[in-house]
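# Results of the structural survey
Residue-level listing of the chains:
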Amino acid sequence: MRYIVFLAPQAMGCVYSALEGYGAVDSMPDVQRLIAALALPHDDCVVLDPALLTADNAQAIVANLAQFPRPVVAFSSVSTAALDSIVILAQRTPARFLFRGIANERSALARALLLPPDAELCAALLSRIDAHMELLPPAIRERVLSMFRVGDGPHSPDALSAAVSLTRRSVDRHLADAGFVSARRLVEAAHLTSAYRAITRSHIPFHAIASLLGYKTPRTMDAQFTLLLDTTSGKLRARPLHVAEAADVLALRLTERKPHQKSGASHAAAEDMKPSLTLINGRSRPRHVRLRTSGEPVSKP
Amino acid sequence: MIDMSFLQAFATAQSDAEFARAAAGFTLLQIYDTVRTNGLTSFQLDAIRKVEHELASMDAAPSVRTALEAMICALPFWESGGPVRVGRQATYSALLMYGQALGSEGEWPIAESVFALAGMDAELDGETWLTANARLLMGRAARMCADWDTARIAYRRAAQLGREAGDFSIVFRAQIGEANILWSRGDLRTARLRLTSIAKRAKQSCPSVVPRITLALAGVANTAGEYEQAITLAFGILDTLDDDELKYQTLVDLASFLTDYGLPSVASTALRVVQRTAPDRHVRRHATLNLFFLAAHHEDAATFDALHAALADEGLTARQKAQYALFTAQGCRRLGRLSEARAAAEQAIRIAKQYQHFQLVFEAEAELRDILLTHESASTTMPWRSRRRESTGVGASDDVTPNPSAVSIALDSVSPGIRRVVDSLESMAADSELVMSGAQ
């Protein structure tokens, strides 16, 4: 992967350290060169410091990114100059923002740089699930869209519900009504789209990708890949799927169930719910049926 | 948001500048609270501008000033940014920076409450990664306040959230923090087992945290009296570190282990490297205070006086002021300046009592008793009985409390492994001196 970097010299070290040798860095000496580089149809990841941009520069970058979409990482300290440009970028680009000066910023930067979302795959996927997305309330829709486009965001169904200021139950119900399988699967799909580029277009070891995504082992990551894409990370690297094909499979896995006519707790996001101690397949548990600790019946009722 | 830690800071402030610093932070947190609850209005913007105006003429540490300025910049953008809510992320980041800056100035109780606030609010906004960071830092702040239960709860939550956010670095650092609580409380065996198991898992999924675990293991070994192992472990990771913060923490800890082993002059060498080359002011100040401790116990009068004068001009935190007075008392007693020693010990007791650093109160009282005994012995020409354990020194890093001045051992009698450490440190010190002279 190639990175177009426009940062202050002291921040460059952080980028090199986070990249750990994976990827080539092309440092831009001034903002004009940066804007010129963004006007070319490549899909390199852009790493920039918004504090070094004026509002006009930010607008020019937004225009170029609209023409040739690519992942953007904004790495900056918190200052008024930076925030003026950050707001422009946040409203009109899929930029990911990292603020300097916090503990663990290196690991966050590593994830942002090594796992930038695949813009093409995201666009293809979002076009396929567009009809379902339209059925979601605006707050959830915006959040889910940004989750895929930015490659960051709520990392769990609970965090997603907190981010949209709704209860977990309401989010599950809205997602089920729109025909999505579950919030968990959406979060996992966002993980996959952010890892897709690293798997298909880099030589980053699988254990590093799994670790950056929060999976304990590559095997756990592969289990999710198999669930969502019918393939493992190794097979995907050896024989990358065509983006349209990957988007088709992924869209199908996200929306395998049809939209419900009625919403109800029993229908909502069955996958996310823990096995009930009182309900089996939506029915009351007969007294004679004993349950395992996992919640499954010992024998079929 | 009225927090006891702020009220305590106001009540114990020793100067107008100290009061103003705490008041600026407190006011900004109040403004943050109202912006969060009611949104941004012209009243809050006016209040932010006033704090900004006050801050311009305030005597504050650079890190605290930077963090407060970051909050001033971020608050007006609270609701900006679209679906990513980048204004909120900036504000939470600024809050965490403020907490970190307070911690580096030794104001851990306030830092703890700032981290608690940031963690709670960021979690409500679904900002998992920032929440995990806030809980991790809160765990550390609570540990520094000896609030073990809160620290443990915060670390556990940080580990959960770190896992959720997919950041193994946070997960393992939280687990290291929890193990550190164990050995801080004396359970060395469990701490060692826990750290070894964390190291095994971290090697697979997050190798970047392994040096931190090794350093923690070295701390456990040192506390257990296995000084050579502690020195070897700490020295072993020194070359592998690309993180400045951890590198200097390792050097300071190594100095502490060397002191305990009985090589205070080598410890001084390590501390001088930190004092000359560390980029952060508080790290350099901490190293100087450690050097002063060693000078008080081992060095000649000229070195002791030079460091005493150098520290007199430093902006020390309350705890450091008490330590400075205590080490002055210890050094003066050793050099036979008993009236000066007595005044310094009394000052140490007064400051430590005022800021409720009870361990230091106890040590300063013991020191005062020794000074009086020495005085009496001198008048009856009785020789002073030397003791192996005199007092607790400066915490080398925050995680390590070094043992007191140990009996010095000759360099000729150390093992080849330790000899290699000594040679490397001397070469590093020579390099740092060259850098210093080049810079000058």
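So, how was this worked out
Residues numbered from 1 in each chain as written. Chains lettered and ligands numbered in written order. Predicted model: local features only at pLDDT ≥ 70, side-chain atom pairs only at ≥ 80, totals over all residues. Helix = DSSP H or I, 4+ residues; strand = E, 2+ residues; numbered from the N terminus. Buried ≥ 20, exposed ≤ 12 C-beta atoms within 10 Å, placed from the backbone. Contact = placed C-beta atoms within 7 Å. Core = buried A, V, L, I, M, F, W, Y, C linked by C-beta atoms within 7 Å. Domains from an automatic or database assignment. Nonpolar A, V, L, I, M, F, W, Y, C, P; charged D, E, K, R; others polar. Pairing = 2+ DSSP bridges. Axes fitted to C-alpha atoms, helices over the stretch in contact; angles between N-to-C directions.

### Notes on the overall build of chain A
- The number of helices and strands found in chain A is 15 helices and seven strands.
- When the 301 residues of chain A are sorted by exposure, 44% land in the buried category.
- The contacts in chain A between residues at least 6 apart in sequence include a share of 64% that link residues at least 24 apart.

### Overview of unusual backbone geometry
- A positive phi angle, near 55°, is found at Ser165(A), a position not held by glycine.
- Note that Ser165(A) resides in the loop between helix H9 (157-163) and helix H10 (168-177).
- Taking the number of C-beta atoms within 10 Å as the measure of exposure, Ser165(A) has 11 and is therefore exposed.
- Backbone geometry at Ala146(B) places phi at a positive 60°, although glycine is not the residue there.
- On the secondary structure map, Ala146(B) appears in the loop between helix H7 (128-144) and helix H8 (148-165).
- By the C-beta count within 10 Å, which is 13 here, Ala146(B) ends up partly exposed.

### Considerations on the nonpolar core
- Within the largest apolar cluster, 232 residues are counted, with the highest numbers of intra-cluster contacts made by Val47(A), Leu113(A), Ile209(A), Met71(B), Ile231(B), Ala270(B) and Ala348(B).
- Every residue in contact with Val47(A), bar those within four places of it in the chain, is listed here: Tyr3(A), Val5(A), Leu7(A), Val15(A), Val73(A), Phe75(A) and Leu113(A).

### Quick notes on the domain arrangement of chain A
Residues and elements named next belong to chain A.
- Here chain A is partitioned into domain 1 (2-114), domain 2 (119-254) and domain 3 (273-301).
- Contacts between domain 1 and domain 2 engage 11 residues on the former and nine residues on the latter.
- With three residues, the top contributor of residues to the side of domain 1 that touches domain 2 is helix H5 (residues 105-114).
- Looking at side-chain class alone, the side of domain 1 that touches domain 2 contains six nonpolar, one polar and four charged residues.

### Comments concerning the interface of chain B and chain A
- The interface of chain B with chain A comprises 37 residues on the first partner and 33 residues on the second.
- The set of elements that each furnish at least two residues to the side of chain B that touches chain A consists of helix H4 (62-74), helix H5 (86-104), helix H6 (108-124), H7, H8 and helix H9 (168-184) of chain B.
- Here the side of chain B that touches chain A is built from residues that sort into 19 nonpolar, 12 polar and six charged.

### With respect to the pairing of strand E3 (residues 45-48) of chain A
Residues and elements named next belong to chain A.
- Covered by surrounding structure in E3 are Cys45 and Val47 together with Val46 and Leu48, the residues of both alternating faces.
- As defined by bridge partners, strand E1 (residues 2-6) adjoins E3 across four bridges and the pair is classed as parallel. Counted as the bridge partner of Phe6 is Leu48 from E3.
- As defined by bridge partners, E3 adjoins strand E4 (residues 72-76) across three bridges and the pair is classed as parallel.

### Focus on the sheet that holds E1(A)
Residue and element names in this part refer to chain A.
- As summarised here, the arrangement of the five strands in space is E2-E1-E3-E4-E5, forming an open sheet in which the pairing is parallel. Lying at the two open borders of the sheet, with one neighbouring strand each, are strand E2 (24-27) and strand E5 (95-99). If you compare each strand with its neighbour and ignore which way they point, the axes differ by 20° on average.
- Along the sheet, helix H4 (residues 80-92) makes contact with E4 and E5, crossing E4 at roughly 165°.

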